[in-house]
Every structure is written in structure tokens, then in C-alpha cells.
Amino acid sequence: MADNNQVLVAFISEVKPTQTLWALQDKESQDWVVVDSINYEKTEVMPLWSSAELALPHCTEEWKDYVPAAISLADWLEFWIEDLLEDNIVVGINWLGEDNDLEIDLSQFTEALVDIEAL
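The structure contained in this document is the topic of the report that follows.

What counts and what doesn't
- Residues numbered from 1 in each chain as written.
- Predicted model: local features only at pLDDT ≥ 70, side-chain atom pairs only at ≥ 80, totals over all residues.
- Heavy atoms only, no water.
- Helix = DSSP H or I, 4+ residues; strand = E, 2+ residues; numbered from the N terminus.
- Rg over C-alpha atoms; globule rule 2.2 N^0.38 Å.
- Buried < 20%, exposed > 50% of the residue type's maximum accessible area, 1.4 Å probe, protein only.
- Contact = heavy atoms within 4.5 Å.
- Core = buried A, V, L, I, M, F, W, Y, C linked by side-chain atoms within 4.5 Å.
- Expected span 1.5 Å × (residues − 1).
- Bend = angle between axes of the 7 residues up to and from the residue.
- Axes fitted to C-alpha atoms, helices over the stretch in contact; angles between N-to-C directions.
- Parallel < 35°, antiparallel > 145°, perpendicular 65-115°, else oblique.
- Left-handed = near helix turned anticlockwise from the far one by under 90°.
- Nonpolar A, V, L, I, M, F, W, Y, C, P; charged D, E, K, R; others polar.
- Phe/Tyr/Trp six-rings, centres within 6.5 Å; stacked < 30°, edge-to-face > 60°.

Our next topic: the overall build of the protein. A count of helical and extended segments in the protein gives four helices and six strands. The order of α-helices and β-strands along the protein, N terminus first, is α-β-β-β-α-β-α-β-β-α. Relative to the globule expectation of 14 Å for 119 residues, the C-alpha radius of gyration of the protein, 13 Å, shows essentially globular dimensions. Along the first, second and third principal axes, the C-alpha atoms of the protein reach 35 × 30 × 30 Å. Taking all 119 residues of the protein together, the buried fraction comes to 45%. Within the protein, residue pairs in contact and separated by at least 24 positions form 73% of the contacts whose partners lie at least 6 positions apart.

Time to look at the nonpolar core. Membership of the largest hydrophobic core comes to 25 residues, with the highest contact counts inside it found for Leu21, Met46, Leu48, Trp76, Phe109 and Leu113. Every element with two or more residues in this core is listed here: helix H1 (2–15), strand E1 (20–26), strand E3 (44–48), helix H3 (73–86), strand E5 (89–93) and helix H4 (106–116). Per element, the largest residue contribution to this core is six residues, and it comes from H3. Listed in part, the eleven residues of the second largest apolar core include Leu24, Ala55, Trp63 and Trp95.

Here we take up H3. In this model H3 runs 19 Å from its N-terminal to its C-terminal C-alpha over 14 residues, within 8% of the 20 Å that 1.5 Å per residue would give. Taken as a whole, H3 carries its principal kink of about 50 degrees at Trp80. Within H3 the residues assigned to the buried category are Leu73, Trp76, Leu77, Trp80, Ile81 and Leu84. Here the buried face of H3 lies against E1, E3, strand E4 (66–72), E5 and H4. Asn88 sits one or two residues past H3 and shows a positive phi near 55 degrees.

Where H3 contacts H4, the two axes come as close as 11 Å, and the packing angle between them is 165 degrees. It follows that H3 is roughly antiparallel to H4 by the angle criterion. For H3 against H4, the interelement crossing comes out left-handed. The residues of H4 that touch H3, namely those facing Leu73, Trp76, Leu77, Ile81, Leu84 and Leu85, are Leu106, Phe109, Thr110, Leu113, Val114 and Ile116. Residue classes in the contact of H3 with H4 are distributed as eleven nonpolar, one polar and no charged.

As enumerated under the stated definition, the model contains four aromatic pairs in all. A ring pair is formed by Trp76 and Phe109, whose centres lie 6.0 Å apart and whose planes are at 90 degrees; its orientation type is edge-to-face. Linking Trp76 in helix H3 with Phe109 in helix H4, this pair joins segments that are 33 residues apart in sequence. Just as Trp76 is buried, Phe109 falls in that class too. An aromatic cluster is defined as three or more aromatic residues linked by ring pairs; in this entry it consists of Phe11, Trp32, Trp76, Trp80 and Phe109.

The analysis is restricted to geometry; functional conclusions fall outside its scope.
Structure representation (C-alpha cells):
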């Protein structure tokens, strides 16, 4: 669990100055990448990155039509949380594309973001 906490702390420290999260969005349909969780049964994961540079290498193969898209922290907290909770989606943080990529419960992720939101 310590490694997971370190990943979350690093992610939060990288997001704090920019107040921006990055996800992959289809250029035409505007759909977002959401995949099946490897850790939670009957759950999907929305991968998020702390920068466009970290997200960009994932725009290949099945995600070749996607681009890194910015989501402001304020928009995430105001508009995204409720829909993601309703859809039972967890968050993947700064994925590298490995089997041990961190998937985190939405409530824990949200708590960490609220602490850094610049009002």
C-alpha cells in the first residue's frame, strides 16, 4: 500500500501547480478512454495522467484516434464525480501500461484533489 500512496502523492504534487488532469479523448466522437479494471470485478477504470506528456505515449494501437485532453480540477470536482460514481468507475493514475498500474477508488482520489484545489 505504501507504493500506492507514493504514486498518489506524486500525482497530486504534479497536478497541484497546474490544477489540470489529463485523460484520453477520441478526436471525433469526443468519447473518453475507459477500460475494464484488472483489480475490481464489474468495474471500469478511467486512466488519468498529471501531464499531457505522460498521456501522449498511450495514443497508439487501439487508442490511436485519441489525444490527451485537459480536464480542469474545478470541472472534475463539479461535473465529473457524480457521473463516475453512478457508473461505478475508478481512476487509474499515471498509467505506464503495466499490470501493476494503480487503480484507486474515486472517493479516495477526490479527497486528495479537494485538498489541493485552488479556489
